[in-house]
Amino acid sequence: MKRGGQPHRKKGKPGWRAARSHLETRVKERTAELHAANKELKNEIQRRKGLEGEILEISDREQQRIGQELHDGLCQHLTAVAFMTRAVALRLKNHRVIEVEDLERISELVNEAAIDARNMARGLHAAEVDSARLLPALQDLVSREIWKTPCRLEVKTELNLHNDAVASQVYRLLREAVINAHKHARAKEIMVEIRRSKKQIVFSVSDDGVGIPAGTNNSHALGFHIMNYRARSMGARLEIKGRQRGGTRVALYLPQSK
């Protein structure tokens, strides 16, 4: 006891105080990490919701495209065949002379309708592509008779993909880029190219059309987010930019190990 009856107070040990301070610091750091992780999780959930919306929108657009092709192509050909066949039938009924040209034209229309149906069927079945069928599928893609803009494929390297899932994603991404170019670029030519660059295989779709308007944020374009998602899912990088001579280039940089 001190003089005056006051008890003697022991001071806390320096080691205990340091441990308590360290613990408080770790709690604050951990709390900040949890807040950051929670924010990142919310952003990822929001991003995935956006991707789901784009997938639905692309699916709707594909259905509209197929419906438009059926209406503008196959249905019109079949309607013309029905009309001309009816005309020939009426001539036969009235004992009139049948023109050979009419029969030849009917044959042409039937063949055109068959080509339209075959192209659409090929487009639907080519959705699932493995590594062995990637090049034939791409060649088939660029040679479709439905394209109004000439499209060609240039293969400047040997392609050895061993992952079927990656090959399927590559095809879907390039197909979306080709469709976008045909629909929006107003180009004279579209080229799909495959080449090597260092330790990467570069797949690209280039056009000589109107290009990306100045001030446009291409990351918000329809389909870009889903293409970028496909690229990241296979460990690749997607790049989209305007070309110096005009037009747009979409490039996929895929590590060779894929």
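Whatever comes next refers back to the structure up there.
These figures come from a predicted structure and were not determined experimentally.

Caption draft 1: Representation of the overall build of the protein chain within the structure. A count of helices and strands for the protein chain gives five helices and five strands. If you list the helices and strands of the protein chain from N to C, you get α-α-α-β-α-β-β-α-β-β. For the protein chain, buried positions account for 33% of its 258 residues. Looking at the protein chain alone, contacts between residues at least 24 apart form 68% of all its contacts between residues at least 6 apart. Here the protein chain displays about 17,500 Å² of accessible surface, and carbon together with sulfur accounts for 53% of that area.

Caption draft 2: Here's a closer look at the pairing of strand 5 (residues 248-255). Extensive coverage of strand 5 is indicated by the burial of seven of its eight residues. In this sheet, strand 5 lies alongside strand 3 (residues 200-207) in antiparallel orientation, the contact comprising seven bridges. Counted as the bridge partner of Ile201 is Leu254 from strand 5. Summarising the sheet, strand 4 (residues 237-242) and strand 5 pair through six bridges and their orientation is antiparallel. The residue of strand 5 that forms the bridge with Arg237 is Tyr253. From the end of strand 4 to the start of strand 5, which pair antiparallel, there are five residues, and Gly246 there has a positive phi angle of about 100 degrees.

Caption draft 3: Representation of the pattern of salt bridges. A complete count under the given rule lists 14 salt bridges for this structure. Arg30 is paired through a salt bridge with Glu33; the nearest N and O atoms lie 3.2 Å apart. With Arg30 and Glu33 both in helix 1 (residues 14-93) and three residues apart, this pair spans about one turn of that helix. A residue is classified by how much of its surface remains accessible, and Arg30, at 45% relative accessible area, is partly exposed. Residue classification places Glu33 among the partly exposed residues on the basis of a relative accessible area of 40%. For Arg133, the salt bridge goes to Asp130, with nearest N and O atoms at 3.5 Å.

Caption draft 4: Here's a closer look at the sheet that holds strand 5. Here we have five strands laid out as an open sheet, ordered 1-2-3-5-4, and mixed in their pairing. The open sheet is flanked by strand 1 (151-155) and strand 4, the only strands paired with a single partner. Across this sheet, the average inter-strand angle for adjacent strands is 15 degrees, counted without regard to direction. Relative to strand 1, helix 3 (residues 134-142) is tilted by about 155 degrees, and along the sheet it contacts strand 1, strand 2 (190-197) and strand 3. Across the face of the sheet, helix 5 (residues 224-233) comes into contact with strand 4 and strand 5 while running at roughly 145 degrees to strand 4.

Caption draft 5: Local environment of the nonpolar core. In this structure, Leu134, Val170 and Phe203 are the most contacted members of the largest nonpolar core, which totals 39 residues. Secondary structure elements with two or more residues in this core: helix 3, strand 1, helix 4 (164-185), strand 2, strand 3, helix 5, strand 4 and strand 5. With 11 residues, helix 4 is the single largest residue contributor to this core. Once you skip the residues sitting within four places of it in the chain, Val170 turns out to touch Leu134, Phe203, Met234, Leu252 and Leu254. Core analysis: the next-biggest nonpolar cluster, separate from the first, contains five residues, Val81, Met84, Val88 and Ile106 among them.

Caption draft 6: Structural detail: the pairing of strand 2. Note that strand 1 and strand 2 share five bridges and pair parallel. Residue pairing in the sheet places Arg152 in a bridge with Met191 of strand 2. On the question of chirality, the crossover connecting strand 1 to the parallel strand 2 by way of helix 4 is left-handed. Two strands pair when backbone bridges link them, and strand 2 and strand 3 are joined in this way by eight bridges, in the antiparallel orientation. Counterpart to Glu193 in the pairing with strand 3 is Ser204. A loop of two residues connects strand 2 with strand 3, the two strands running antiparallel in sequence, and Lys198 in this loop sits at a positive phi of about 60 degrees.

Procedures and definitions
- Along each chain, numbering runs from 1 in the same order as the chain's sequence is written.
- For this predicted model, a pLDDT threshold of at least 70 governs which residues receive local features, and a threshold of 80 or more governs which side-chain atom pairs are given and counted, while totals over whole chains, interfaces and linings are taken from all residues.
- Only hydrogens and water are removed before side-chain values are computed, so all heavy atoms of the structure are retained for them.
- For the purposes of this entry, the term helix denotes a DSSP run of H or I that reaches at least four residues, the term strand denotes a run of E that reaches at least two, and both are numbered from the N terminus.
- Between buried and exposed lies partly exposed: a residue is buried under 20% and exposed over 50% of the maximum accessible area for its type, with that area taken using a 1.4 Å probe on protein chains only.
- Whether two residues touch is decided by their heavy atoms; if any such pair falls within 4.5 Å, the residues are in contact.
- In these tables, accessible area is a Shrake-Rupley quantity obtained with a 1.4 Å probe, and a residue counts as shielded only by the protein chains included in the view.
- Only strands that DSSP links by at least two bridges are regarded as paired with each other.
- Salt bridge, as used here: a side-chain nitrogen of Lys or Arg that lies within 4 Å of a carboxyl oxygen of Asp or Glu.
- To obtain an axis, a line is fitted to C-alpha atoms, over the contacting stretch when the element is a helix, and the angle between two such axes runs from 0 to 180 degrees between their N-to-C directions.
- Working definition of a nonpolar core: buried Ala, Val, Leu, Ile, Met, Phe, Trp, Tyr and Cys residues. They are joined through side-chain atoms within 4.5 Å.
- With its strands directed away from the observer, a crossover is right-handed exactly when the path from the first strand over the helix to the second travels clockwise.

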